[in-house]
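Per-entry structural report
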Amino acid sequence: MLIANDTTYVYNLRYEVIERLIQTGYEVTVVCERQLHEDKIKESGAVVIPMSIKRHSKNPFTDLSMLLLFKKMIRRHRPDVVLTYNIKPNIYAGMVCRMFHIPYITNITGLGTAVEYPGLMQRITLFLYQIALKEAACVFFQNSENREFFTQNHIIRRKSRLLPGSGVNLGKYPVLEYPDTEEVHFLFVARILKEKGIDQYLEAAGEIRKEHKKVYFHVIGGCDDEHYVAILQRENENGNIVYHGLQKNMSEYQKMSSCMVLPSYYPEGMNNVLLESAASGRPVITTSRSGCGEIVEDGVTGFLVKEKDTRDLVCKIEKFLSMSYEERRAMGLAGRRKVEREFDRERVVKAYIDEIKGLEG
């Protein structure tokens, strides 16, 4: 049984694990919220059981009802092993698996703001993690900083492993021809949150556009924070950015883009948008924080910038604009080679199969 936030997440990042498990002879049940791509998950041979995860809720009664639903679901199906992803499935499904002595493997897909910032919510979440992960057969981490944080806070006491994020399906993200035009298109793709660096991106776009009229700044993503709806509309109308909203198919935007820019200081696990952009042969400008910085070799596959520093971001964008077509293209190809060496999703799939096979022994 695989438990995660929603079908979009499962299809985009976990489909290859499901596919390999089914090919190996396992029956797979997926429990998550119903969003995009449910039909494609079912086509793999997996059974999908819809369940409302309510990942943004901080209501203890809502979380208690979720715990009871997990208890009912897992007791009814009695899976041989449970794979959990995202904070609430990790915690509440982990508690239930521990209760029923069912082996479970947890993936820490990032700390999230509840754990990142000190305070009551952090203390509560860490306490719940201590309970939930105590009997986990293996805890996967997507970056070493998260692993060290959990170790220092005495949350993991058993086996843990470091993965290259969620990895990239290299066949699904081939190298794209680099655009040879006078225009330069920068791409920001993320949930629109302050911590994703949207403020710095908008400020940099406004400053750069004063001097470079053939440089365009694109924004793709839904507004998790409603505060940004009016801001994006204003910036779109004044010509500083082109806002495309939430998009299902990114291929045309990746083909058009000259460089991916994400000045994020969000507590990432490993940023998948950056991995996919690098795999497609696009240079990346991002921060040096964990979950982003590992993807970029500074000056070779892109540029690293300081967190919350618009001036540094403008400087690195100007540096990129000063490069020739061949230099930009070479930077993108270097990023692809780095992804091939370090972030092939096949490594993630193999790690899961190895751990599950180990439980059978």
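Everything below is about the structure shown above.
Residue indices begin from 1 for each chain and proceed along its sequence in written order. In view of the model being predicted, local features appear only for residues whose pLDDT reaches at least 70, and side-chain atom pairs are presented and counted only at 80 or more, with totals across whole chains, interfaces and linings using the full set of residues. Just so you know, side-chain values use all the structure's heavy atoms and leave hydrogens and water out.

What follows is about helix α9 (residues 227-237). For the exposure calls, accessible area comes from a 1.4 Å probe over protein chains only, and a residue counts as buried if that area is under 20% of its type's maximum, exposed if over 50%, partly exposed in between. Only DSSP runs of H or I covering at least 4 residues are called helices, and only runs of E covering at least 2 are called strands; the numbering of each starts at the N terminus. Among all positions in α9, only Tyr 228, Ile 231, Leu 232 and Glu 235 are buried. Axial view of α9: buried residues confined to an arc of 95 degrees, hence all on one face. Among the exposed residues of α9, those pointing more than 90 degrees away from its buried face are Ala 230 and Glu 237. Whether two residues are in contact is decided by their heavy atoms: any pair within 4.5 Å suffices. For α9, the elements touching its buried residues are α8 (198-211), β9 (215-220) and β10 (242-243). Of the residues one or two after α9, Gly 239 is the one with positive phi, at around 90 degrees. The directions considered for the arc are those from the helix axis to the C-beta atoms.

Attention now goes to the side chain of His 185. By the secondary structure assignment, His 185 is in strand β8 (residues 184-189). In protein, a polar contact requires one atom able to donate a hydrogen and another able to accept it; more generally it is a pair of N or O atoms within 3.5 Å, and residues adjacent in sequence count only if both atoms are side-chain atoms. A distance of 2.8 Å separates polar atoms of two side chains, one belonging to His 185 and the other to His 218. Not counting residues up to four positions away in its chain, the partners in contact with His 185 are Tyr 216, His 218, Met 256, Ser 257, Ser 258 and Cys 259.

Turning to the sheet that holds strand β1 (residues 2-6), a few remarks are in order. In sheet architecture, strand pairing relies on hydrogen bonds along the backbone and comes in two forms, parallel and antiparallel. Pairing in this open sheet of 7 strands is parallel, and the strands run β3-β2-β1-β4-β5-β6-β7 from one edge to the other. Looking at which strands have only one partner, the edges of the open sheet turn out to be β3 (47-50) and β7 (160-162). If you compare each strand with its neighbour and ignore which way they point, the axes differ by 20 degrees on average. Think of it this way: DSSP has to see at least two bridges between two strands before they count as a pair. Across 4 bridges, the pairing between strand β2 (residues 29-33) and β3 is parallel. Looking at β3, one finds that Thr 29 is bridged to Val 47. Helix axes are fitted only over the stretch in contact, all axes being lines through C-alpha atoms; the angle between N-to-C directions runs from 0 to 180 degrees. Across the sheet, helix α4 (residues 87-100) touches β1, β4 (82-85) and β5 (104-108), and the angle it forms with β4 is around 150 degrees. Set on the sheet, helix α14 (residues 345-360) makes contact with β4, β5, β6 (138-141) and β7; between it and β5 the angle comes to about 155 degrees.

Let's shift gears to the layout of surface pockets. For the second largest pocket, the calculated volume is near 430 Å³. In terms of lining, the second largest pocket is formed by 17 residues, of which the most central are Met 1, Glu 27, Pro 79, Asp 80 and Val 81. For the lining of the second largest pocket, the leading source of residues is α14, giving 3 residues. Taken together, the residues that form the lining of the second largest pocket break down as 11 nonpolar, 2 polar and 4 charged. Using protein atoms alone on a 1 Å grid, points that fit a 1.4 Å probe yet trap it form a cavity, whereas open point sets bounded by protein on both sides within 12 Å along at least five of seven lines form a pocket; residues with an atom within 4 Å of a point count as lining. Grid points are joined across faces, edges and corners, and a volume is the space filled by probe spheres set on the points. Basically, the charged four are Asp, Glu, Lys and Arg, the nonpolar ten are Ala, Val, Leu, Ile, Met, Phe, Trp, Tyr, Cys and Pro, and anything else, Gly included, counts as polar.

A word on the pairing of β6. Burial of β6 is two-sided: the residues Cys 138 and Phe 140 facing one way and the residues Val 139 and Phe 141 facing the other way are all buried. Across 3 bridges, β6 lies against β7 in parallel orientation. From the neighbouring strand, Phe 140 faces β7, where its bridge partner is Arg 161. For the segment spanning β6, helix α7 (residues 144-152) and β7, crossover handedness is right-handed. Handedness is read with the strands pointing away from the viewer; a crossover is right-handed when the path from the first strand over the helix to the second is clockwise.

By themselves, these are just geometric observations and shouldn't be taken as functional.
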